[in-house]
Amino acid sequence: MTQFKDKIALITGGSRGIGKSCALKLAREGCHLVINYRSDQKSAEETAARAREYGVKALICKADIAKVNEIDDLIKFTMDQFGRIDVLINSAGISQIIDYSKITENDWDKMMELNEKGTFFCCQKVIEIMKNQKSGKIVNLASTAGQMGGFIVGVNYSVSKAGVICMTKALSKVAIKFGININCVAPGLIDTDMTTSYPPETVASMKSGIPIGRLGSADEVADGIVFLASEKANYIVGTTLYINGGTYLG
Ligand code: NAP
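A short tour of the structure in this document, coming up. (Residues numbered from 1 in each chain as written. Predicted model: local features only at pLDDT ≥ 70, side-chain atom pairs only at ≥ 80, totals over all residues. Heavy atoms only, no water.)

**Topic: the site of the ligand**
Okay, step 1: Not every one of the 30 residues close to the ligand is listed here, only the nearest: S15, R16, S39, D64 and T192.
Okay, step 2: Interatomic distance of 3.4 Å between a backbone N/O atom of G13 and an oxygen atom of the ligand.
Okay, step 3: Taking I65, its main chain carries an N or O atom lying 3.0 Å from a nitrogen atom of the ligand.
Okay, step 4: In isolation the ligand offers 900 Å² of accessible surface; the protein chains occlude 97% of this area.
Okay, step 5: Examining the composition of the shell around the ligand, we find that 3 residues originate from one element, helix α7 (residues 193-196), more than from any other.
Okay, step 6: Partitioned by chemical class, the residues of the shell around the ligand number 13 nonpolar, 11 polar and 6 charged. (Near = heavy atom within 4 Å. Polar contact = N/O pair within 3.5 Å; in protein donor to acceptor, adjacent residues only side chain to side chain. Areas by Shrake-Rupley, 256 points an atom, 1.4 Å probe, with all protein chains shown as cover. Helix = DSSP H or I, 4+ residues; strand = E, 2+ residues; numbered from the N terminus. Nonpolar A, V, L, I, M, F, W, Y, C, P; charged D, E, K, R; others polar.)

**Side note on the layout of surface pockets**
Okay, step 1: Computed from the structure, the second largest pocket encloses a volume of approximately 170 Å³.
Okay, step 2: Taken together, 14 residues line the second largest pocket, and the ones lying closest to its centre are K7, S135, G136, K137 and E231.
Okay, step 3: Residues of the lining of the second largest pocket, tallied by class, amount to 3 nonpolar, 6 polar and 5 charged. (1 Å grid on protein atoms, 1.4 Å probe; cavity = no way out; pocket = protein on both sides within 12 Å on 5 of 7 lines; lining within 4 Å. Points joined across faces, edges and corners; volume = space filled by probe spheres on them.)

**Quick word on the pattern of salt bridges**
Okay, step 1: This structure, assessed with the given rule, holds 12 salt bridges.
Okay, step 2: A salt bridge links D193 to R16, with the nearest nitrogen and oxygen atoms 2.8 Å apart. Taken together, the positions of D193 in helix α7 and R16 in the loop between β1 (8-12) and α1 (17-28) put the pair 177 residues apart, joining distant regions of the chain.
Okay, step 3: Among the salt bridges present, the one from E46 reaches K42, with a minimum N-O distance of 3.2 Å. One end of the pair, E46, and the other, K42, are both in helix α2 (residues 41-52), 4 residues apart, so they sit about a helical turn from each other.
Okay, step 4: Taking relative accessible area as the criterion, E46 reaches 42% and is therefore assigned partly exposed.
Okay, step 5: Taken together, the shared-partner salt bridges connect R16, D40 and D193 into one network. (Salt bridge = Lys/Arg side-chain N within 4 Å of Asp/Glu carboxyl O. Buried < 20%, exposed > 50% of the residue type's maximum accessible area, 1.4 Å probe, protein only.)

In structure tokens:
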């Protein structure tokens with residue numbers, strides 16, 4: 001797959017986990033990168049350095065995706081550096097293991113501000129750029145929890161990811177008219193820093209419900225994302241790709 005050669009990808013939350021795997025897979029295909037991070041500059045620098053080993057330009061940019069003015073700065077940085085955006089991967093996200101009865105107003109707002117509002121405004125602003133280019137691919141990160149109504153990873157998380165699935169459908173209907181494909185992936189339980197922060201007994205109990213019998217890897221999710229970001233997915237619009245080891249609805 002050389003179709004990413006000299007394309008430009010912006011990856012929110014690209015420093016670690018699933019975003020990092022996407023960055024490295026795209027770099028291997030010749031894609032130049034802006035790797036966004038919020039606080040972990042060291043990981044962002046390491047990911048960018050590994051990407052550069054493939055001969056591409058890989059820049060890092062600090063921005064809190066929960067803040068619309070910082071999204072503006074991130075997009076301005078990308079446009080100043082590269083002048084276009086061919087691929088946007090919205091991987092920045094947080095989760096929380098919490099019982100519904102303990103969720104506070106702050107927990108709710110924090111979750112929505114990043115996972116839902118941040119994802120929406122990244123899409124909204126990048127669609128305007130891709131519109132002028134008359135092409136582009138956007139892949140959002142939803143979750144099996146957002147499809148099934150997960151309650152162990154909090155209801156606030158599930159609702160935020162259900163919103164991502166819905167916004168992907170809604171925005172894709174508008175954006176496809178400008179040659180922009182928007183899709184999302186819904187990973188199940190994936191072995192990243194996000195899940196290693198969960199209590200081991202919680203992970204064990206969640207794992208017992210996965211037919212394949214193991215957690216997925218960030219690379220396995222990134223393979224699906226890179227496919228959706230590729231020209232092989234030109235006829236795929238507003239869909240959700242399940243990457244969950246067999247954990248289906250119901
Ligand atoms: P991760 O390993 O915890 O990495 C999260 C990434 O998001 C980091 O690069 C982090 O940057 C960044 N980030 C967090 N808050 C941010 C903010 N406010 N602004 C900008 N960047 C921010 O997570 P992951 O497992 O790769 O998850 C990636 C996406 O997949 C998330 O949207 C998650 O909800 C979704 N997902 C994950 C799983 C799973 O089991 N792991 C399952 C379903 C869906 P810093 O380190 O700089 O903070």
